[in-house]
Amino acid sequence: MRIGDKLTGTISGIQSYGVFVKLDEKHQGLIHISELKHGFVSNIEERYKVGDEVEVIVMGIDEYNQKISLSTRALSPEKIGRPILHKHFWTDYRDKIGYKTIAKQKDGWVNSAMELISEKKRKNSTFL
């Protein structure tokens, strides 16, 4: 067994933090709750039952204590982002301001910052 192997196992236990999977007679691994699926897992017991077969990918093997980390999430295509429920804008988008306004102000901000830096350098050099 190696990291990245795709295996089929039998669920042998369910806890609030994940699902234990018996891979063969010698090996058992854990699918942490964060590796069960993309998104929030509200109730593990609704989706998984002891004795069910499950396909997993080996994510890690701790050589010191022989713990095996598994994932079912890695088998499903990744959902990019989350559905847009509400758009949040940091500016008043109705007035068509935002990055354009920042771009107009940027040169002034940079110039004033450079002036402050120059002043500090002049002050520091007079004390030396």
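Residues numbered from 1 in each chain as written. Predicted model: local features only at pLDDT ≥ 70, side-chain atom pairs only at ≥ 80, totals over all residues. Heavy atoms only, no water.

An unreviewed UniProt entry lists the protein under the name S1 RNA-binding domain-containing protein, with Candidatus Companilactobacillus pullicola given as the organism. UniProt lists a comment for the protein under the heading Function (unreviewed entry), and it reads "Binds mRNA; thus facilitating recognition of the initiation point. It is needed to translate mRNA with a short Shine-Dalgarno (SD) purine-rich sequence." (UniProt positions renumbered as here; feature names shortened; annotations may be inferred.)

Visitor: Sorry, what's going on with a nonpolar patch on the surface here?
Guide: Together, Val110, Met114 and Ile117 line one region of the surface with nonpolar side chains, adding up to about 260 Å² of accessible area. The residue Val110 is located in helix α2 (residues 99-127) in this model. (Patch = residues over 30% accessible without salt bridge, like charges linked within 9 Å, V, L, I, M, F, W, Y side chains within 5 Å. Areas by Shrake-Rupley, 256 points an atom, 1.4 Å probe, with all protein chains shown as cover. Salt bridge = Lys/Arg side-chain N within 4 Å of Asp/Glu carboxyl O. Helix = DSSP H or I, 4+ residues; strand = E, 2+ residues; numbered from the N terminus.)

Visitor: How should I be thinking about the pairing of strand β1 (residues 6-15) in this particular structure?
Guide: A regular strand carries its side chains on alternate faces of the sheet. Inspection of the sheet shows β1 paired to strand β4 (residues 53-61) by 5 bridges, in the antiparallel sense. Its bridge partner being in β4, Thr8 is matched across the sheet by Glu55. Relative to strand β2 (residues 18-22), β1 is paired through 5 bridges, and the arrangement is antiparallel. Bridging from a neighbouring strand, Ile14 pairs with Val19 of β2. Here β1 hands over to β2 after 2 residues, the two strands then running antiparallel side by side. (Pairing = 2+ DSSP bridges.)

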